[in-house]
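Summary of structural features
The residues making up each chain are set out below.
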Amino acid sequence: MIRGVIFDLDGVITDTAVYHYQSWRRIATEVNFDLTEEHNEQLKGVSRAESLDRILGWANALRTEEEKAKLLVQKNEHYLTLIESLNDKDILPGIVAFLENIRSAGIKTAVGSSSKNAHFILNKLRLIDSFDAVVDGNMVKQTKPDPEVFILAAQLLGLQQQECIVVEDAEAGVLAAKAAGMKVLGITAHGQLHQADLCTHNLLEKDAQFIQQFFS
Ligand code: B16
Ligand code: MG
């Protein structure tokens, strides 16, 4: 029996992934590296610090801890300017109705995000009250694909890990959920998330019955 649904934020609740990509591209040019969409796919769901390390690795660029700290601040400042006007119109299709539906069926809801901006973004979207728990990048030590973020979310919901499913758009997040012993509903615009139990384009016309039918 599924009693909780844990949502990833970027790429599932709202499409901030494109803004992360723009800000990382700008940082990448500073180390003379052309960050492609293929590279960016490998940054989805991964923490800010780990993303920078990966970019520096691809660019074969060495930076001191102090320089890295500055680049992380620059990246986030640019990202925050890009999401300045984010509002409830930026919630992805089907999310609001799906949340209402599963909550009225007694299913608990949480966010499990690698983003340190998750609370800020949920407030901008006016969605913060739709979740019983929010775990963000400030609350965990390990980034996805480590399961810590989802394990903590289940704990805060007061549920067993296997009583929760995760909704994810990134390979790192799917692996994190599987490592936590949770089933995964993958959200994909195109293609597949290989280890997800089921994939869909969006949550339109999905309901609590759908969740119990496919994931119990
Ligand atoms: P921030 P999610 C992740 O959020 C993003 O997918 C990833 O691209 C980003 O680097 C990470 O959050 C950290 O975000 O810089 O805002 O702390 O998909 O786990 O909700
Ligand atoms: Mg995501």
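Further up the page is the structure itself.
Residues numbered from 1 in each chain as written. Chains lettered and ligands numbered in written order. Predicted model: local features only at pLDDT ≥ 70, side-chain atom pairs only at ≥ 80, totals over all residues. Heavy atoms only, no water.

**Let's talk about the coordination of the magnesium ion (ligand 2)**
Worth spelling out the cut-off: Sodium, potassium and calcium take a 3.2 Å donor cutoff, other metals 2.8 Å, and in both cases only N, O and S atoms count; water is not among them, so sites may look incomplete. Only runs of H or I of at least four residues qualify as helices and only runs of E of at least two qualify as strands under DSSP, and these elements are numbered from the N terminus. Accessibility here uses a 1.4 Å probe with only protein chains present; expressed as a share of the type maximum, an area under 20% marks a residue as buried, one over 50% as exposed, and anything in between as partly exposed.
With distances of 2.0 to 2.2 Å, the protein atoms coordinating the magnesium ion (ligand 2) are Asp8 (OD), Asp10 (O) and Asp169 (OD). For the magnesium ion (ligand 2), the single-chain donor residues occur in sequence as D-x1-D-x158-D. On the criterion of sequence distance, the pair formed by Asp10 in the loop between strand S1 (4–7) and helix H1 (17–30) and Asp169 in the loop between strand S4 (164–168) and helix H8 (171–179) is long-range, its members being 159 residues apart. The two residues Asp10 and Asp169 agree in class, both being buried.

**Observations regarding the side chain of Asp169**
Under the convention used in this document: Counting rule for charge: Lys and Arg are taken as positive, Asp and Glu as negative, and neither His nor the chain ends is counted. Basic side-chain nitrogens of Lys or Arg form a salt bridge, by our definition, when they fall within 4 Å of a carboxyl oxygen of Asp or Glu. The contact definition used throughout considers only heavy atoms, calling two residues in contact when any of these lie within 4.5 Å.
Despite its burial, Asp169 pairs with no opposite charge; the closest candidate is Lys44, at 4.7 Å N-O. Beyond its immediate chain neighbours, meaning those up to four positions away, Asp169 contacts Asp8, Asp10, Gly11, Val12, Lys44, Ile187 and Leu193.

**With respect to the sheet that holds strand S5 (residues 183–187)**
The following threshold applies: Pairs of strands are assigned from DSSP output, requiring at least two bridges between the strands. Axis definition: a line fit to C-alpha positions, over the contact stretch in the case of helices; interaxial angles, taken between N-to-C directions, run 0 to 180 degrees.
With parallel pairing, the 6 strands of this open sheet are ordered in space as S3-S2-S1-S4-S5-S6. If you trace the sheet from one side to the other, it starts and ends with strand S3 (133–135) and strand S6 (198–200), each paired once. The sheet shows a mean angle of 20 degrees between the axes of neighbouring strands, direction not considered. Of the pairings in the sheet, the one linking S1 to S4 comprises 4 bridges and is parallel in character. Bridge assignment links Phe7 to a residue of S4, and that residue is Val167. Contacts from helix H7 (residues 148–157) reach S1, strand S2 (108–112), S3 and S4 within the one sheet, and its direction differs from that of S2 by about 150 degrees. Strands in contact with helix H9 (residues 208–215) are S4, S5 and S6; relative to S5, the strand with the most contacts, it is inclined by about 125 degrees.

**Some points on the site of ligand 1**
What counts here: We define proximity as follows: a residue is near a molecule or strand when any one of its heavy atoms falls within 4 Å of that partner. Pairs of N or O atoms are called polar contacts if they sit within 3.5 Å, as long as, within protein, a hydrogen donor faces a hydrogen acceptor (for residues adjacent in sequence, only side-chain-to-side-chain pairs). Per-residue and other accessible areas were derived by the Shrake-Rupley procedure at a 1.4 Å probe size, with only the shown protein chains allowed to occlude residues. With a 1 Å grid laid over protein atoms only, a set of points is called a cavity when a 1.4 Å probe fits there but cannot get out and a pocket when it is open yet has protein on both sides within 12 Å along at least five of seven lines; lining residues have an atom within 4 Å of a point. Being in a pocket or cavity means that more than half of the molecule's atoms lie within 2 Å of its grid points. Here the limits of each domain have been adopted from an automatic or database domain assignment.
Neighbouring residues of ligand 1: 17 residues in total, closest Arg48, Ser113, Ser115, Lys116 and Asn117. Ser113 places a side-chain nitrogen or oxygen 2.7 Å from an oxygen atom of ligand 1. In isolation ligand 1 offers 470 Å² of accessible surface; the protein chains occlude 97% of this area. Given that more than half its atoms are within 2 Å of the pocket grid, ligand 1 belongs to the second largest pocket. Taken domain by domain, the makeup of the shell around ligand 1 includes at least three residues from each of domain 1 (4–15 + 87–215) and domain 2 (17–83).

**A word on the packing of H1 against helix H4 (residues 65–82)**
Under the convention used in this document: Take the far helix as your reference; a near helix turned counterclockwise from it by less than a right angle gives a left-handed crossing, and one turned clockwise gives a right-handed crossing.
Axis separation between H1 and H4 bottoms out at 9 Å; the angle between their running directions is 145 degrees. Along this stretch, H1 crosses H4, giving a crossing that reads as right-handed. The segment H1 lies against H4, with Tyr19, His20, Gln22, Ser23, Trp24, Arg26, Ile27 and Glu30 engaging Leu71, Leu72, Gln74, Lys75, His78, Tyr79 and Leu82.

**Considering the environment of Asn101**
Residue placement: Asn101 occurs in helix H5 (residues 95–104). Among the residues examined, Asn101 registers a relative accessible area of 31% and is labelled partly exposed. Sequence separation of Asn101 and Ala208 is 107 residues, and the distance between their C-alpha atoms is 6.3 Å. When near neighbours in sequence (up to four residues on either side) are disregarded, Asn101 contacts Asp207 and Ala208.

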